[in-house]
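# Survey of secondary and tertiary structure
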Amino acid sequence: MNSLKYLPWRSLFLAAILAVITMKAIDFLLWKSFDYTASSSFAELLSTKMGNLLFLFCEGLAVGGFGVLYLERVGRVGPIYASTLWALVLCLLISLWLGTFVRIAGLGLVDISELSIMSVILGVFWRGRPYWR
């Protein structure tokens, strides 16, 4: 527990918030693109249960990947360890939860569910593979 206070929390929350904002923007742009295109096959895929699960899984992977990317680029925290990645997962989940209170029109891909939690963890540790090995 003593090592928790030495983690770069400010950089972790900044990276997490930027990742969620990026996904909210992508969600909004996808929603707007559905208004301008008449691609019914993509909309039908999104309306199916399997398509929705696939999008939620990809959203979680993307949020986790963006979190690590922003932590590398913006955070400048020094060496990143497995404990830093777990703290980033916590910050991403808190940011996703806070993002549910911000109602922006979109497809609703940025949401908290069991699938998105697992995929955020997979995204963080997939993109952060060089740091935890």
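First, a word on what this report is: a plain description of the structure on this page. (Residues numbered from 1 in each chain as written. Predicted model: local features only at pLDDT ≥ 70, side-chain atom pairs only at ≥ 80, totals over all residues. Heavy atoms only, no water.)

## A word on helix α5 (residues 114–127)
Note the cut-off: Starting at the N terminus, helices and strands are each numbered in turn, a helix being any DSSP run of H or I of at least four residues and a strand any DSSP run of E of at least two. Multiplying 1.5 Å by the residue count of a helix minus one yields the expected span of that helix. Under the scheme applied here, a residue whose accessible area is under 20% of the maximum for its type counts as buried, over 50% as exposed, and between as partly exposed, the area being computed with a 1.4 Å probe on protein chains only. Contact definition: two residues touch when any of their heavy atoms are within 4.5 Å.
If you check α5, its first and last C-alpha atoms are 20 Å apart, about what 14 residues at 1.5 Å a residue would give, namely 20 Å. Among all positions in α5, only Ser116, Ser119, Val120, Gly123, Val124 and Phe125 are buried. On the buried face of α5, the contacting elements are α3 (49–75), α4 (82–99) and α6 (129–132).

## A word on the packing of aromatic side chains
To keep it simple, the criterion reads: Aromatic rings from Phe, Tyr and Trp, taking only the six-membered ring of Trp, are treated as a pair when their centres fall within 6.5 Å; an angle between ring planes under 30 degrees marks them as stacked, one over 60 as edge-to-face, and anything in between as tilted.
The full count for this structure, using the stated rule, is 3 aromatic pairs. Plain terms: the ring middles of tryptophan 9 and phenylalanine 13 are 6.4 Å apart, the flat faces sit at 35° to each other, and that makes the pair tilted. Remark: phenylalanine 13 and tryptophan 9 occur in helix α1 (residues 9–36); sequence separation between them is 4 residues, near one turn of the helix. Here phenylalanine 13 falls in the partly exposed class, since its relative accessible area comes to 30%. Between phenylalanine 66 and tyrosine 70 the ring centres are 6.1 Å apart and the planes differ by 20°, which places this aromatic pair in the stacked class. Note that phenylalanine 66 and tyrosine 70 are positioned in helix α3 at a spacing of 4 residues, about one turn of the helix.

## Things to note about the nonpolar core
Quick note on the threshold: Residues enter a nonpolar core if they are buried and are Ala, Val, Leu, Ile, Met, Phe, Trp, Tyr or Cys, with the set joined through side-chain atoms within 4.5 Å.
In this structure, Leu88, Leu92 and Val124 are the most contacted members of the largest nonpolar core, which totals 22 residues. Mapped by element, the contributors of at least two residues to this core are α1, α3, α4 and α5. Looking at this core element by element, the count peaks at 7 residues for α4. Those residues in contact with valine 124, other than ones at most four positions away along the chain, are Gly64, Gly65, Val68, Leu85, Leu88, Val89 and Leu92.

## Regarding the packing of α3 against α5
The line we're drawing: Here, axes are lines fitted to C-alpha atoms. For helices the fit covers the stretch in contact, and angles between N-to-C directions go from 0 to 180 degrees. Note on terminology: angles under 35 degrees are roughly parallel, angles over 145 are roughly antiparallel, angles of 65 to 115 are roughly perpendicular, and the others are oblique. A crossing counts as left-handed when the near helix is turned anticlockwise from the far one by less than a right angle, and as right-handed when that turn is clockwise.
The interhelical angle for the contact between α3 and α5, taken along N-to-C directions, is 40°, at an axis separation of 7 Å. Taken together, α3 and α5 sit at an angle that is classed as oblique. Relative to α5, the crossing made by α3 is right-handed. Facing Leu53, Leu56, Phe57, Glu59, Gly60, Leu61, Val63, Gly64, Gly65, Val68, Leu69 and Glu72 of α3, the residues of α5 in contact are Leu115, Ser116, Ser119, Val120, Leu122, Gly123, Val124, Trp126 and Arg127.

## Let's talk about the environment of leucine 7
Locating leucine 7 in the fold gives a position in the segment before α1. Residues leucine 7 and threonine 84 lie 77 residues apart in sequence; the distance between their C-alpha atoms is 6.7 Å. If we skip the residues at most four places from it in the chain, leucine 7 touches Ser83, Thr84 and Ala87.

## Regarding the environment of leucine 4
Along the chain, leucine 4 falls in the segment before α1. Note on leucine 4: relative accessible area 37%, which makes it partly exposed. In sequence terms leucine 4 and serine 83 are 79 residues apart; their C-alpha atoms lie 8.6 Å from each other.

## Quick look at the packing of α4 against α5
Each pair of packed helices can be summarised by the angle the axes make with each other and by the distance between the axes. Quick note on the threshold: Three residue categories are used. Nonpolar comprises Ala, Val, Leu, Ile, Met, Phe, Trp, Tyr, Cys and Pro, charged comprises Asp, Glu, Lys and Arg, and polar comprises the others, including Gly.
α5 packs onto α4 with a crossing angle of 140° between their chain directions and a minimal axis gap of 10 Å. By the angle between their axes, α4 is oblique relative to α5. With respect to the hand of their crossing, α4 and α5 are arranged in right-handed fashion. Contacts between α4 and α5 involve Ala82, Leu85, Trp86, Leu88, Val89, Leu92, Leu93 and Leu96 on the former and, on the latter, Ile117, Val120, Ile121, Val124 and Phe125. Among the residues making up the contact of α4 with α5, the classes are represented as 13 nonpolar, no polar and no charged.

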